[in-house]
Amino acid sequence: MRSIFTVIFLLLIITLTVCSFMARRSPRAIGSSVAALIGTLTLPLTGNLLIVASTSALLPTVGYYVYFLGMDFVVLTLIHFTFRYCGLSWSKKWMRDLVLAIVFLDIAQYVANPFLGQAFGTECIIVEGYPYYRLVPHLGQAFHRVLDYGILAAVILIFAYKTFRSARIDSEKYSVIFITLVLFSLWQTFFIFSRTPVDRSMIGFAFFGLLIYYFALHYRPMRLLDSMLAGIASDMSESLYFFDASGQCIWANPSGLDLAGITDKELEQVPKKLTSLFGICELREDGSVKKIIGIGEDAKYYVLERRVIKDENGRTAGSFLSVRDNTEEQRQFRQELYNTTHDTLTGLHTREYLYHEVRELFLENPEETYMVIFVDVRGFKIVNDVFGSAFGDYAIQRIAEWIQSSLCKRGVCGRIAGDTFGVCIPVNEFDPHCVEQDLSNFEVKKNHLSHHVLVHLGIYVVTEKDLDVSVMFDRAHLALSSIKEDYQKHVAYYDDAMRSKALWDQKISAQLRDAIATKQLRPYLQPIVDLTGTVVGAEALVRWLHPEHGFLSPGTFIPVFEKNGMISEIDRYMWRCACELLARWKNTSLFLSVNISPRDFYFMDVPEELKNLVKEFGIEPARLRIEITETVMMTDVEKRMEIFHDLKRAGFIVEMDDFGSGYSSLNLLKDMPVDVLKIDMMFLSKSRNEYKAKTIVQNIIHLSDELGIGSLTEGVETPNQYQILSDMGCKLFQGYYFAKPMPVEDFEKYVFPDKAVS
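Residues numbered from 1 in each chain as written. Predicted model: local features only at pLDDT ≥ 70, side-chain atom pairs only at ≥ 80, totals over all residues. Heavy atoms only, no water.

(A) Representation of a nonpolar patch on the surface in the model. A cluster of nonpolar side chains, Val7, Leu10, Leu11, Ile14, Val18, Phe21 and Met22, forms an exposed patch at the surface whose accessible area comes to about 660 Å². Structurally, the position occupied by Leu10 is in helix α1 (residues 2-24). Classification of Leu10 by relative accessible area gives partly exposed; the value is 44%. (Patch = residues over 30% accessible without salt bridge, like charges linked within 9 Å, V, L, I, M, F, W, Y side chains within 5 Å. Areas by Shrake-Rupley, 256 points an atom, 1.4 Å probe, with all protein chains shown as cover. Salt bridge = Lys/Arg side-chain N within 4 Å of Asp/Glu carboxyl O. Helix = DSSP H or I, 4+ residues; strand = E, 2+ residues; numbered from the N terminus. Buried < 20%, exposed > 50% of the residue type's maximum accessible area, 1.4 Å probe, protein only.)

Now the structure itself:
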C-alpha cells in the first residue's frame, strides 16, 4: 500500500507542477495566482510523499516540516487566488497585514520546533510489517490547525456566498470549488481524528488543484450557455434559422417560425418558404442583403444576414440566417430625411435641398430652358405685428400652396428664408398674365381676419447653367429692386443692365479704400454767401477722380455706399479733409459744412469722432458745421436727439438739410437742437402754384427767425431767385448763381484772390 501511495503522490506532484507551469504562461490575468496556488499545493504532497515512502526517522520528520510549512504557503496563495477569482479586495489594509503576520508567526514556530519541540513530534508504529512515523501533535500544532482551518473556513464562506448570490452563469464555477473545498475539509478532518497512517486526503488536495486550474483558466459552462443562448435567441425579435452543413434547417426561433408561416415540426420547409419570400440567390451567399416586400405605405423592409460556421479544420459545419424587420427604422429614417430636406411649416424644400434639386433638374434635362424665380412677400413683418404670428404662419402656408398649385406645376420649389421662396420651372410653364392676375387679388383670410398680401416675383432666365444655383437666385432677387415700391406690378426680370450695375457696385466697393488712400476721392467746395454776396463758408462735397473712368458723379457711387454701409468710410474721410482745410484757414472765419449719413450712427460714435478731429487739428467746433437730413431721425429718435444735444454742447452748429421736402420736418423742429434750416429751391420749382410755394417758403423763413434759427437757401440759380429770397429775409445762400462745387485750389483762388492762404 505504501508503494501505491508513493507512486500516486509522485504522479500528482508531477501533474500539478506541469499545470502550474502552464498556468503561469496563460494570457489570462488570473494565471499567475493559479500558478502560485497549484505550485504551493505540491509542498504538502511532497511532504506526505517523504512520510509515506521513508522507513527511517529523519525523512518522515523532514516530510512533516515540508507538509506543515507548505500548508501555510497554501493558505496564503489560496487567499490571494480567492480574492482574484471572486473579484474581491481587502477593505482594510491592516486586516491583510494581520493575516500575514499570523501565518508567518506559525512558520516561525515550526522553525523553532527542532529546539523547543512545542509543535509536534513523531512516534514509530508498524504498518504492514514496516515502520511508519506517525505525527504526535503538541500545542503548536493545535495553533497551526486552528490557523489553517480558520482561513480555509473563511474561503469556504466566500465561495458559498458567491455560489448563492451570483448569476446562474457564474454560480456554477463558484459552486464546484465550494463543494470541493467542503469535501476536502471533511476528508482532512477525518484523517486527523482517525489517525490513519497514510493521509489519503492529499489526493483530494491534488484534485482540488486540478479543479482550480480547469475552472479558473479553461472552464466554460457550455450546457448552461447553450440553454441561455437558446432562451435569448427565442426571445429575440429577429427571425433566426440554423442550418446544418447540408442546408437543412435544424432550429428556428418563434419569430422565425411566424415569418415562415410554419410550426417547429415543419422545419424542412424553411428553405422553400424563405426562397419564396426573399428569393434564392441572396440566401446562398455569406453576407447581408436588404429586401423589400410590398409597395407604397404597406411595404415591409427586411435585412437578411447569413453566416457560415466553420469547424476547427475549416470545413463548413453549418450556417445561420437572421432576418430583421427594419420597416420602422426605414420609415423613421425617411421621416428624418424628409425633415432635413423639407420646411416644417410649408412642406416645401429647404433652401439647401432646393439648390440641390435645381442642379439635379439641370442635369436630367440639359436641353430644357429654365427660369429661377425669387418670391418675396413685401412688408411681411407688418403682417406679424398687426395680425400675430399665428396668422403670419397661416399666410406663409397659403402662399406656399399657391406656389405649388399655380406656379410650380412642373419644376421644384422651396422656402429660402422666412418670407421668401424659390422656384425653378421651364420657361414655357410660366404665364405672366395669370400670375399678375393672381397676385393682384391675393388675399389671405382666416376666420374674421383678412389681409391683402403683396407678393413680388423676381425672375432670372437661366442662360448659364454652370453658375452656382445660389447666384441664380441672387440675380432673381436683384430683379426685385426695379419694382421695390411698386404695388401694381408683381413680376420683374433680371437683365444685363442689372448685372452691369451689380458688377459696377461690386467693383467700386472693392476700390474704395484704395481710392481714399491715393486721394482719388477729393473734397469739392460749393461756396455759401451772405446777403452781400460775401463767401462765409462752403459745403464740402465728395467727388471721385477715377484713374480709369475719370470724373465720377456722386450719383454713381454714393447710393452704392449708402446701401452697403461703406458711406461711413467716405464721411470719416471727408470730415478729416474739412478739418485739414479749416486748420489751414485758421486766420479766417470761414466755416465748412459736412454731411452725416444715417448709416454713420451704426458704424461709429459720431460725436466722439468729430470731437477728436477738431481737437487734433486745433479748430473751433463752430467752424465745422454738421449737416443732417430728417431721415437721420427716422429711427431711435430719443438716442439721436441726445447725440445732437451732445454736439451742440461741444460747440458744433447743426444744420437740417432739405427742410420741407420730407414729411415730419415741422414735428422734429420743435424738439431738435437745430441751428440752421437749409431750404431747397427745388421746393419752389416743383410746385404748380408758385404763389402758394412762395408763401410757404416765406413763412418757413419767418418761422426760423421767430425760433432763433438761421436760414440758408440752396439751389439758387438766378438773380431773381436771390432777390426774392433776400426780400423774404433769408440770410445765407448757396447755388450755381454764385458758384458750382469746385476743387479746393479753385475755391481758395475764388475766396482769396489776392493773398496766400495761411
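(B) Spotlight on the sheet that holds strand β14 (residues 491-493). The five strands lie next to each other as β9-β10-β8-β13-β14, forming an open sheet whose pairing is mixed. The sheet is open, and its two edges are formed by β9 (412-415) and β14, each paired on a single side. Neighbour-to-neighbour, the strand axes of this sheet turn through a mean angle of 20 degrees, independent of strand direction. Sitting on the sheet, helix α16 (residues 469-479) is in contact with β8 (370-378), β10 (420-426), β13 (454-461) and β14, with an inclination near 50 degrees to β8. (Pairing = 2+ DSSP bridges. Axes fitted to C-alpha atoms, helices over the stretch in contact; angles between N-to-C directions. Contact = heavy atoms within 4.5 Å.)

(C) Spatial organisation of the pairing of strand β4 (residues 249-252). Pairing geometry for strand β3 (residues 239-244) and β4, over three bridges, is antiparallel. In the strand pairing of β4, Tyr241 is matched with Ala252. The turn linking β3 back onto β4 is made up of four residues, and Gly247 within it adopts a positive phi angle of 95 degrees.

(D) Seen up close, the pairing of strand β15 (residues 521-529). Judged by how many residues are buried, β15 sits mostly within the fold: eight of nine residues are covered. Between β15 and strand β16 (residues 535-546), which pair antiparallel in sequence order, lie five residues; one of them, Gly533, sits at a positive phi of approximately 85 degrees.

(E) Representation of helix α22 (residues 637-649). Relative to the 18 Å expected for 13 residues at 1.5 Å per residue, α22 spans 18 Å between its end C-alpha atoms, a close match to the ideal helical length. If you check which residues of α22 are buried, you get Arg640, Met641, Ile643, Phe644 and Leu647. Buried residues of α22, viewed axially, fall in a sector of 160 degrees; they line one side. Seen from the open side of α22, the exposed residues pointing more than 90 degrees away from its buried face are Glu638, Lys639 and Arg649. (Expected span 1.5 Å × (residues − 1). Arc of directions from axis to C-beta.)

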